[in-house]
Each structure stands twice: as C-alpha cells, then as structure tokens.
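Fold and contact review
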Amino acid sequence: GSAADEVSTMVTPLHLWLLAFMRDQATGKFLPDDFNVTEIEERTRWEETRPHIKCGVCRMGIGYLNERLDVERSDEEDVYAFLETLCEAPDEELYDRFQIAHDSFGKWEALPASDPDERRVDIRKWHSLSMRDVCTFAIEANDDLLVAGLNQCRDKSTRVECTCAHARLCSMTAAQQQKDET
C-alpha cells in the first residue's frame, strides 16, 4: 500500500491515548479516572461545545453560589473562597443537574437537565467534564469580575444574569440592565 496506509496501520489505541494524555497535560483539561481510549470520539464531540457554553456554566455556577451562600450578608473573602472551590463541586450537587443541549435558538448551551434525566451515564459524564473545564477556565479566571458583579447586581431576580454579564460571560438585555441599575 501507500505511505498513508502504512501510517494508519501504525496508529494503535496506545498512540491515541498518549495523544489525548499529552493534549490534556498541555491544556490542563480533566480526564476521568475511568477514561477509555474508545471514548475519544464522544469526548471530542462535547469538548467542541465548550466555547459556546460559558454563559450557561456561569449561570449554573452563580445560581449555585446563590443557593449555598447569602451573598448580601457574606464578605468578599467568603465569596472568593466559594468561587475558588465552585468548579470542584460534586457532580451530583451541581453538574448532574445540567446538560449540554441546544437552546431555543439552536445554539449549544448548558441548560437544566430534564427530570427525570434520561441521558446515558457516559453522556452525563462527558457533559459534567466539559462544564467543569469551562468552569475552571472561565469562572475561576474571572473571579474578580464576578465578585464585583455580585456587589453591583442587587436585584435578586436578575442577579445571576447581571453578574455573568458583568464578567462578560453572558450578554444582558438593556431592559435587564436598566432594571438592575434602579
């Protein structure tokens, strides 16, 4: 055969695993303990949604913060401490409650999971890992903007949207912004 045939026969599952490992070492992305090289295609599918789900992950995280912490009565140190550990929240408390799906405009987004959650276990795992990666690289990297947004956004009905918009992870409609400023 051709040189291309010879190269394709030389790629083994070990080679694929090593490529995935090196890629993850370079980017800092999480790999589950039970990672199986046969899941690379599924993993890649959900990994490609990451640039599109920042807003949903921000809403998820700030909503979770509001559930767990009285923002109005907490000092900034408590809020920073919470944000620092937010991305490490257990899947069953945070990430399993959300899924990556198309929103009403057909765009990828992190949205509340259906109840009952009918996703396959492996899909739920990849959704959680993708959202956790976005949390690490978007939420933790913008903690100063998020804390400032929480301090500025006082209206409880728009606090999550306003905070994420303040951190430039979501856009906010002019009506929501005007309501929050009053």
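Use the structure listed above.
If you're wondering where the values come from, they're calculated on a predicted model, not measured in any experiment.

Rules and cut-offs
Residues numbered from 1 in each chain as written. Predicted model: local features only at pLDDT ≥ 70, side-chain atom pairs only at ≥ 80, totals over all residues. Heavy atoms only, no water. 1 Å grid on protein atoms, 1.4 Å probe; cavity = no way out; pocket = protein on both sides within 12 Å on 5 of 7 lines; lining within 4 Å. Points joined across faces, edges and corners; volume = space filled by probe spheres on them. Helix = DSSP H or I, 4+ residues; strand = E, 2+ residues; numbered from the N terminus. Nonpolar A, V, L, I, M, F, W, Y, C, P; charged D, E, K, R; others polar. Buried < 20%, exposed > 50% of the residue type's maximum accessible area, 1.4 Å probe, protein only. Arc of directions from axis to C-beta. Contact = heavy atoms within 4.5 Å. Disulfide = S-S within 2.5 Å. Axes fitted to C-alpha atoms, helices over the stretch in contact; angles between N-to-C directions. Parallel < 35°, antiparallel > 145°, perpendicular 65-115°, else oblique. Left-handed = near helix turned anticlockwise from the far one by under 90°. Phe/Tyr/Trp six-rings, centres within 6.5 Å; stacked < 30°, edge-to-face > 60°.

1. Re the layout of surface pockets
Its boundaries defined by the atoms lining it, the largest pocket holds a volume of some 270 Å³. Taken together, H52, C55, R59, D103, F105, K107, W108, E109, L111, E161, C170 and S171 make up the lining of the largest pocket. Of all the elements in the fold, those that place two or more residues in the lining of the largest pocket are helix 4 (54-68) and strand 2 (108-112). A per-element tally of the lining of the largest pocket places strand 2 first, with three residues. Along the lines of polarity and charge, the residues of the lining of the largest pocket split into five nonpolar, two polar and five charged.

2. Section: helix 7 (residues 143-152)
Residues of helix 7 that are buried: L146, V147, G149 and L150. Across the axial projection of helix 7, the buried residues extend over an arc of 160°, all falling on one side. Elements that come into contact with the buried residues of helix 7 comprise helix 4, helix 5 (76-86), helix 6 (121-139) and helix 8 (159-166).

3. Remarks on the state of the cysteines
Taken as a whole and judged by the stated rule, the model has four disulfides. Covalently, C58 is tied to C164 through a disulfide, its sulfur atoms 2.1 Å apart. Taking the torsion about the sulfur-sulfur bond, which here is approximately -95°, the covalent link between C58 and C164 counts as left-handed. Here C164 lies in helix 8 and C58 lies in helix 4, a separation of 106 residues in the sequence. One exposure class covers both C58 and C164, and it is buried. Each sulfur in the disulfide pair C87 and C135 lies 2.0 Å from the other. Across the S-S bond linking C87 and C135, the dihedral sits near -80°, which makes this disulfide left-handed. Here the residue C87 occupies a position in the loop between helix 5 and strand 1 (98-102), and C135 occupies one in helix 6, the gap between them amounting to 48 residues. Residue C87 shares its accessibility class with C135, and that shared class is buried. In the protein, numbering the disulfide-bonded cysteines from first to last in sequence yields the connectivity 1-8, 2-7, 3-4, 5-6.

4. Considering the packing of helix 4 against helix 8
Where helix 4 contacts helix 8, the two axes come as close as 9 Å, and the packing angle between them is 125°. Our classification of the angle between helix 4 and helix 8 gives oblique. Seen from above, helix 4 lies across helix 8 with right-handed handedness. Counted together, C58, R59, I62, G63 and N66 of helix 4 and R159, V160, E161, T163 and C164 of helix 8 form the full contact between these two elements. In terms of residue class, the contact of helix 4 with helix 8 is built from four nonpolar, three polar and three charged.

5. A word on unusual backbone geometry
One non-glycine residue, R168, lies in positive phi territory at about 65°. Tracing the sequence through the fold places R168 in the loop between helix 8 and helix 9 (174-181). Take R168: its relative accessible area is 67%, and that puts it in the exposed class.

6. Considering the packing of aromatic side chains
One pass over the structure, following the stated rule, counts two aromatic pairs. For the ring pair W46 and W108, a centre distance of 5.5 Å and an interplane angle of 80° mean the geometry is edge-to-face. Of this pair, W46 sits in helix 3 (residues 40-47) while W108 is found in strand 2, placing the two residues 62 residues apart along the sequence. Taking the relative accessible area as the measure of exposure, W46 reaches 4% and is therefore buried.

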